[in-house]
Amino acid sequence: MKRILPMVLASLLLLSGCAATSVETGDADAVSAATQSRYRANEITEYQGARLDPAIGPRDNSISGVQYVDADTFTLTIDGLVDAPGTLTLDQVRALDFYERRITLYCVEGWEATILWKGALLDELIAKAGAKPEAVTVIFSSVDGYTTSLPLATIREKGLILAYEANGLDLPPEMGYPLIVVAEEKLGYKWGRWVNRITLSDDADYQGFWEQRGFSNSAEVPDSRK
Ligand SMILES: Nc1nc2c(c(=O)[nH]1)N[C@H]1C(S)=C(S)[C@@H](COP(=O)(O)O)O[C@H]1N2
Ligand SMILES: [Mo]
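All values reported here derive from a predicted model rather than from experimental measurement. (Residues numbered from 1 in each chain as written. Chains lettered and ligands numbered in written order. Predicted model: local features only at pLDDT ≥ 70, side-chain atom pairs only at ≥ 80, totals over all residues. Heavy atoms only, no water.)

Visitor: Could you give me a rundown of the pairing of strand β3 (residues 76-80), with the residues and numbers involved?
Guide: By the bridge criterion, three bridges tie β3 to strand β4 (residues 86-88) in an arrangement that is antiparallel. The partner of I78 across the bridge, within β4, is G86. Counting the residues that bridge the hairpin from β3 to β4 gives five residues. Taken together, the four bridges between β3 and strand β12 (residues 195-201) define a ladder with parallel strand orientation. Looking at β12, one finds that I78 is bridged to I198. (Pairing = 2+ DSSP bridges. Helix = DSSP H or I, 4+ residues; strand = E, 2+ residues; numbered from the N terminus.)

In structure tokens form, the structure reads like this:
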């Protein structure tokens, strides 16, 4: 799998002495300067005394590259096993009660980013459409054809949000403008970006894009990374 290879190479480098030496000789400063340059103008870098990473990550691994969504024509569809399927505009999503939380995204490739997210409660969006009793899975589809899913129970128990802001600004296109699933405590591939469709399903074993390619459907973040 092409996403595993960089991880293996990185581990080999770390195990070999030469990588350790180059980190000690000042590359750490170069890394933090590179990180610093990714903060956008007016992006907040601290929340309640804790550091925030830039909302734009170090590289793009999206299945079809960064998507540039036009907010004026964008709609979010909620369909599947609901009483009242329909669409919402971005303004309608923004008009719902909002929640703000500092949460870390952990990608399987080994990097992570702790960002302040602001968005609407997914359960509230789903409740507006009215989930049918047989619905157990929530499928997220995106403008690039990406798919992923989460159990409805997880969305409710964790109070997961669908975010439209990161670090006090609209999401950048790189992080899913206009909407990203903040799949707290789940690996990065559960964090659907550029989400434009939420579908309720009775298929408990539904598998999204990376899940079909062998990544675990539960997507738990290993304790060793937290
Ligand atoms: N629509 C869409 N959402 C997506 C992806 C994608 O390719 N397309 N990649 C996922 C993965 S694997 C991660 S780690 C996060 C962050 O992706 P990035 O590594 O490209 O920044 O977005 C997730 N959401
Ligand atoms: Mo990822």
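We are not done yet, so read on.
Visitor: Before we move on, can you summarise a negative patch on the surface with the specific residues and values?
Guide: A contiguous patch of negative charge on the surface is contributed by E134, D202, D203 and D205. Along the chain, D203 falls in the loop between β12 and α6 (209-212). On the basis of relative accessibility, which here comes to 34%, the residue D203 falls in the partly exposed class. (Patch = residues over 30% accessible without salt bridge, like charges linked within 9 Å, V, L, I, M, F, W, Y side chains within 5 Å. Areas by Shrake-Rupley, 256 points an atom, 1.4 Å probe, with all protein chains shown as cover. Salt bridge = Lys/Arg side-chain N within 4 Å of Asp/Glu carboxyl O. Lys, Arg positive; Asp, Glu negative; His and termini not counted. Charge placed at Lys NZ, Arg CZ, Asp CG, Glu CD. Buried < 20%, exposed > 50% of the residue type's maximum accessible area, 1.4 Å probe, protein only.)

Visitor: Talk me through the packing of aromatic side chains; I want residue IDs and the actual numbers.
Guide: Scanning all chains against the criterion turns up five aromatic pairs. Ring centres 5.8 Å apart and planes at 40 degrees place the aromatic pair Y146 and F209 in the tilted group. Residue Y146 is located in the loop between β7 (137-142) and β8 (147-151), and its partner F209 is located in helix α6; the two are separated by 63 residues in the primary sequence. Both residues of the pair, Y146 and F209, belong to the buried class. The interplanar angle of 50 degrees and the centroid separation of 5.4 Å between the aromatic rings of Y189 and F215 together place this pair among those described as tilted. Of this pair, Y189 sits in the loop between β11 (180-182) and β12 while F215 sits in the segment after α6, placing them 26 residues apart in sequence. Here Y189 falls in the buried class, since its relative accessible area comes to 7%. Under the relative-accessibility criterion, F215 is labelled buried at 11%. Directly above the ring of F98 sits K118, whose terminal nitrogen or CZ lies 4.1 Å from the centroid. Directly above the aromatic system of F209 lies the positively charged group of R213, at a separation of 3.6 Å from the ring centroid. (Phe/Tyr/Trp six-rings, centres within 6.5 Å; stacked < 30°, edge-to-face > 60°. Lys NZ or Arg CZ within 6 Å of the ring centre and 35° of its normal.)

Visitor: Outline the side chain of T148, supporting the account with residue identities and numerical values.
Guide: Summarising the element assignment, T148 is placed in strand β8. Of the polar contacts made by the side chain of T148, one reaches the side chain of E211; its length is 2.6 Å. Apart from residues no more than four positions distant in its own chain, T148 is found in contact with V138, I139, F140, Y189, K190, G192, Y206, G208 and E211. (Polar contact = N/O pair within 3.5 Å; in protein donor to acceptor, adjacent residues only side chain to side chain. Contact = heavy atoms within 4.5 Å.)

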